[in-house]
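Examining the three-dimensional arrangement
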Amino acid sequence: MNHLPFTNTPDEYNMTAGDKQTNTLKCTYVVEKEDTDTWDKEELMWTRKDQSLTARHKANNSMLVIENTVLGNLQRGHSDTTVASASTSYVNSSNEPTVDGSTVQYQTNWTTTDSNGGTTKPVTQNVMTTEASTPNPEAIYDIKVEPKLSKNQRRFGHRKTMIQEKVFVLFALMAATLCVTQGSPVILGKGTKVFASGANMSMVCEYNSSSMLTQSDIQKLKFYDKGGNEYDGTRNFMQSYSMISSNKIATTLTKESLDRPDAGTYQCRYDNQEAGKFLVTVAIVEFTTTPDEYNMTAGDKQTNTLKCNYVVEKEDSVTWDKEELMWSREDQPLSARHKANNSVLVIENTEWTDIGPYTCSAKLTWGGVGNPSSETVSTMVPLNGAPKIGKMDTSKNVVQEDDLEIKCDVTGYPYPSVTWKKDGQPLTPNKRITLSSADGKYTNAILNINNLEFEDKGEYTCNATNSVYPGGKTATIVIRVKDKLAALWPFLGIVAEVIVLCVIIFIYEKKRSREMEDEADGGDEVVNSDDHKGKDVRQRNIRT
């Protein structure tokens, strides 16, 4: 079996140069063989492990030139991973290997012919070998075999036995090796990262290995500054480590509340190797803002002005193609009364609804026409307004065991928080009494009392304050709790009155009926008296 020692010259993808670079891979080989072996044809070819070459891949025998190299997401971090393969062919030859790790199994087929020119028969031989000298365990092999029977071999047996059938097999092994554009740790995201001063930072670096990684390898992937010093807790940085798969690890660098000194170059290295480092630059934008205040006395005839300026702390090598400063509102668009002029926002005829936070955003663009990239960072500029409480009832009647909700209709900016008092004493929440926010902005602005009791009656006061106006505003409501049967008493009184009246009427009618009966009896005596009929007798009608 003949081995092909390959000499490979890999290349490295330059993260700084990006897609404008050119990489060159070289692959040469020599064949160790018997002098009697001759090749009909030799070819050196370039292929890709997972896809075909593109027009940017220029193959010229032992050299492959990759123009405008593209960074992808394959093993070792590059899409231009390339395979070089060589093959030698003979007339009427055939053989194909199967690869299992670093062990190669060859199935060799040939035909034997006896010395008398008799019939032929096929012979199959399996050869198992381990190619320890193979340059790369991922090597690909192409086997070509041609049987050749010499005159001497037809005369004498291979094992010195007097057998008519003799075989001589010539193996020609042409190996292919993997020439990979060398990879390195990769910091996810853009090559230039922009943060606002005071913001939190999180960067992730991943490393793919062509071999198995262990737990002890996880902390070998670290972040360093431009001078090679590790980012650690002494500068309030924290590095956390994780294993994504058996050959992939990741490290996350975090810091809360960035400041201008944190700008600069960040390196990610595996095992602190200078050759495989990955670099990104971090720029810090520091804003300087000037808020304004709504004047309650001036009302809608006033004009307010907000200002926003910034400076960028960065490496000298970082330049911007374009810088923009933009204004917006958190919850609604700007109106025609809002006049934005770069770093200044003028609000004409300011209304109460104009108070609140405004967003000042700096958009930085770099990379030129060929590879444009941009980042936007923001800060908040407030138009402050003192707490203001809307209309609230001065009193309210409620019924025992009902539920009650009292809302302190407060507005202002910074968003006020509300405290409650009952009869001049701080109100303490419990199972029945709870406090909640209104519109997700105004803390404790809503008071809820479930299953009212008589002791819940009293004077309730809400006090709204914020960090700018600690005095705040107050509003008071009086709560009266009635008995749950209170509505029944008037009804019962009416029913009682009706009953008494009915009794009086009944008694009166009964008495009157008796009198009428008496009168009827007296009248009959007068009318029916016939004893004096026809006689001159005076009759007197006596009424009592």
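Keep in mind that this is a model prediction, so the values were computed, not measured.

1. A word on a nonpolar patch on the surface
- The grouping of Leu485, Leu488, Trp489, Phe491, Leu492, Val495, Ile499, Val503, Phe506 and Ile507 at the surface amounts to a nonpolar patch, some 960 Å² of accessible area in total.
- The residue Val503 is located in helix H2 (residues 488-527) in this model.

2. A word on the sheet that holds strand S4 (residues 57-60)
- Taken in spatial order, the four strands make up an open sheet running S1-S2-S5-S4, and their pairing is antiparallel. Each having just a single partner strand, strand S1 (6-9) and S4 make up the two edges of the open sheet. When strand polarity is set aside, the average angle formed by the axes of neighbouring strands in this sheet is 15°.
- When S1 meets strand S2 (residues 22-29), the two strands line up antiparallel, connected through four bridges.

3. Things to note about unusual backbone geometry
- Here the residue pair Tyr413 and Pro414 is connected by a cis peptide bond, since its omega of 0° sits within 30 degrees of zero.
- Relative to the assigned elements, Pro414 resides in the loop between strand S29 (410-413) and strand S30 (417-422).
- Its identity is not glycine, yet Asn68 carries a phi of approximately 50°, on the positive side.
- Here Asn68 shows up in the loop between strand S5 (63-67) and strand S6 (82-89).
- Although it is not a glycine, Asp423 sits at a positive phi angle of roughly 55°.
- By the secondary structure assignment, Asp423 is in the loop between S30 and strand S31 (425-426).

4. Here's the deal with the side chain of Asn384
- In this fold, Asn384 is placed in strand S26 (residues 373-389).
- Excluding anything up to four places from it in sequence, Asn384 contacts Pro291, Asp292, Glu293, Tyr294, Ile355, Tyr413, Pro414, Val468 and Tyr469.

5. Remarks on the packing of aromatic side chains
- Scanning the model with the defined rule gives nine aromatic pairs in all.
- With 6.3 Å between their ring centres and 65° between their planes, Phe237 and Tyr266 make a pair best called edge-to-face. You can see Phe237 sitting in the loop between strand S15 (221-225) and strand S16 (238-245) and its partner Tyr266 sitting in strand S18 (residues 264-270), a full 29 residues away along the chain. For the pair formed by Phe237 and Tyr266, the shared burial category is buried.
- Members of the aromatic cluster, connected to one another through ring pairs, are Tyr231, Phe237 and Tyr266.

6. Quick notes on the confidence of the model for the chain
- For the chain, per-residue confidence averages 76 on the pLDDT scale, and residues scoring 70 or more make up 71% of the total.
- Low confidence marks residues 72-183, where pLDDT is under 50. Its contacts with residues over four positions away, or in another chain, come to 254 contacts.

Conventions adopted
Residues numbered from 1 in each chain as written. Predicted model: local features only at pLDDT ≥ 70, side-chain atom pairs only at ≥ 80, totals over all residues. Heavy atoms only, no water. Patch = residues over 30% accessible without salt bridge, like charges linked within 9 Å, V, L, I, M, F, W, Y side chains within 5 Å. Areas by Shrake-Rupley, 256 points an atom, 1.4 Å probe, with all protein chains shown as cover. Salt bridge = Lys/Arg side-chain N within 4 Å of Asp/Glu carboxyl O. Helix = DSSP H or I, 4+ residues; strand = E, 2+ residues; numbered from the N terminus. Pairing = 2+ DSSP bridges. Axes fitted to C-alpha atoms, helices over the stretch in contact; angles between N-to-C directions. Contact = heavy atoms within 4.5 Å. Phe/Tyr/Trp six-rings, centres within 6.5 Å; stacked < 30°, edge-to-face > 60°. Buried < 20%, exposed > 50% of the residue type's maximum accessible area, 1.4 Å probe, protein only. pLDDT = per-residue confidence, 0-100.

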